[in-house]
Amino acid sequence: MKLETERLILKNINETHVEDILKIRSNEVTNQFVKRNSPKNNYDALQFILTIKEKTQNNQTAYFGIAFKDQPNLIGTICLWNFSEDRKTAEVGYELLPDYHRKGIMSEALKAVLKFGFNELYLREIIAITSQFNENSKGLLLKHHFILEEGRTDEGFPDNIVFSLHKKQ
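Here is what the cut-offs are and how they apply
Residues numbered from 1 in each chain as written. Predicted model: local features only at pLDDT ≥ 70, side-chain atom pairs only at ≥ 80, totals over all residues. Heavy atoms only, no water. Buried < 20%, exposed > 50% of the residue type's maximum accessible area, 1.4 Å probe, protein only. Helix = DSSP H or I, 4+ residues; strand = E, 2+ residues; numbered from the N terminus. Contact = heavy atoms within 4.5 Å. 1 Å grid on protein atoms, 1.4 Å probe; cavity = no way out; pocket = protein on both sides within 12 Å on 5 of 7 lines; lining within 4 Å. Points joined across faces, edges and corners; volume = space filled by probe spheres on them. Nonpolar A, V, L, I, M, F, W, Y, C, P; charged D, E, K, R; others polar. Phe/Tyr/Trp six-rings, centres within 6.5 Å; stacked < 30°, edge-to-face > 60°. Lys NZ or Arg CZ within 6 Å of the ring centre and 35° of its normal. Core = buried A, V, L, I, M, F, W, Y, C linked by side-chain atoms within 4.5 Å.

J.: Please set out helix 1 (residues 18–25) residue by residue, giving values where relevant.
T.: With 6 of 8 residues buried, helix 1 lies mostly within the body of the structure. Listed as buried for helix 1 are Val-18, Asp-20, Ile-21, Leu-22, Ile-24 and Arg-25. In this fold, the buried residues of helix 1 make contact with helix 2 (28–31), helix 3 (42–57), strand 3 (62–68), strand 4 (76–81) and strand 5 (89–96).

Encoded structure:
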């Protein structure tokens, strides 16, 4: 599975992306807003990739590595996951190496994934959960017309806030 934008290719990750995934998922700047077990080495990154491949094959996630069209290396990832039982709602997640922040890259990738989610997966709602302190992420979501869900919480993560976007009828 592959999505293309003006500058980017969003593609399935595989075993050839071990070093890229290690670099992206263990980045300190990115991880300051994400609570997760980051890979410590290539083996950990490979285990993550194999897990994602299995979840993709089982339709539990739509997970894309983000790369420029003219470069093989991944600079970030974006996914739809945490699908509701009726497959009408999913959560979007994304991360981008800091060198590529504030260049419109994630905005371009998010636009493609939202279109894919609503038009190909027939989602009715896409939610995004981000840290209340992650100004870049909040700005990205607002730019793409996500609405802050004042009453919704991310259980166990009090610093997180929840946004949602509904398919236009």
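J.: Give me the lowdown on the layout of surface pockets, citing residues and values where you can.
T.: In this structure, the second largest pocket encloses a volume near 260 Å³. Every residue along the wall of the second largest pocket is listed here: Lys-111, Leu-114, Lys-115, Phe-118, Asn-119, His-144, His-145, Leu-165, His-166, Lys-167 and Lys-168. Counting residues per element, the ones that place at least two in the lining of the second largest pocket are helix 4 (105–119) and strand 8 (160–166). No other element matches helix 4, which puts 5 residues into the lining of the second largest pocket. Here the residues of the lining of the second largest pocket are counted per class, giving 3 nonpolar, 4 polar and 4 charged.

J.: Please provide a residue-by-residue account of the packing of aromatic side chains, values included.
T.: Taken as a whole, this structure holds 3 aromatic pairs when the rule is applied. With a centroid separation of 5.8 Å and an interplanar angle of 70°, the aromatic rings of Phe-48 and Tyr-63 are classed as edge-to-face. One end of the pair, Phe-48, is in helix 3; the other, Tyr-63, is in strand 3, and 15 residues separate them in sequence. Its relative accessible area of 18% is what places Phe-48 among the buried residues. Summarising the aromatic geometry, the rings of Phe-64 and Phe-116 are spaced 5.8 Å apart at their centres and angled 90° between planes, so their arrangement reads as edge-to-face. Taken together, the residues span a long stretch of sequence, with Phe-64 in strand 3 and Phe-116 in helix 4 at a distance of 52 residues. With a relative accessible area of 0%, Phe-64 lands in the buried category. Its relative accessible area of 10% is what places Phe-116 among the buried residues. We note Arg-25 situated over the ring of Phe-48; from NZ or CZ to the ring centre the distance is 3.8 Å.

J.: So what about the nonpolar core? Which residues, and what values?
T.: Ranked by size, the top nonpolar core spans 32 residues in total, and within it Leu-10, Ile-66, Ile-78, Leu-80, Val-92 and Phe-146 carry the most contacts. Within the residue set of this core, elements represented by two or more residues are strand 2 (8–11), strand 3, strand 4, strand 5, helix 4, strand 6 (125–131), helix 5 (135–143) and strand 8. Per element, the largest residue contribution to this core is 9 residues, and it comes from helix 4. Ignoring sequence-local partners within four residues, the contact set of Leu-10 consists of Met-1, Lys-2, Leu-3, Phe-64, Gly-65, Ile-66, Ile-78, Ala-109, Ala-112 and Val-113. The next biggest cluster of nonpolar side chains, apart from the first, holds 14 residues, and it includes Val-18, Ile-21, Leu-22 and Phe-48.

J.: Break down the side chain of Asn-160 for me, citing the residues and quoting the values.
T.: Relative to the elements of secondary structure, Asn-160 occurs in strand 8. Since its relative accessible area comes to 18%, Asn-160 is described here as buried. Aside from chain neighbours lying at most four places away, what touches Asn-160 is Ile-129, Thr-130, Ser-131, Gln-132 and Asp-154.

J.: Summarise unusual backbone geometry; cite the residues concerned and give the values.
T.: With a phi angle near 65°, Arg-87 is a residue other than glycine that sits in the positive phi range. Of note, Arg-87 is situated in the loop between strand 4 and strand 5. Judged by its relative accessible area of 35%, Arg-87 is partly exposed.

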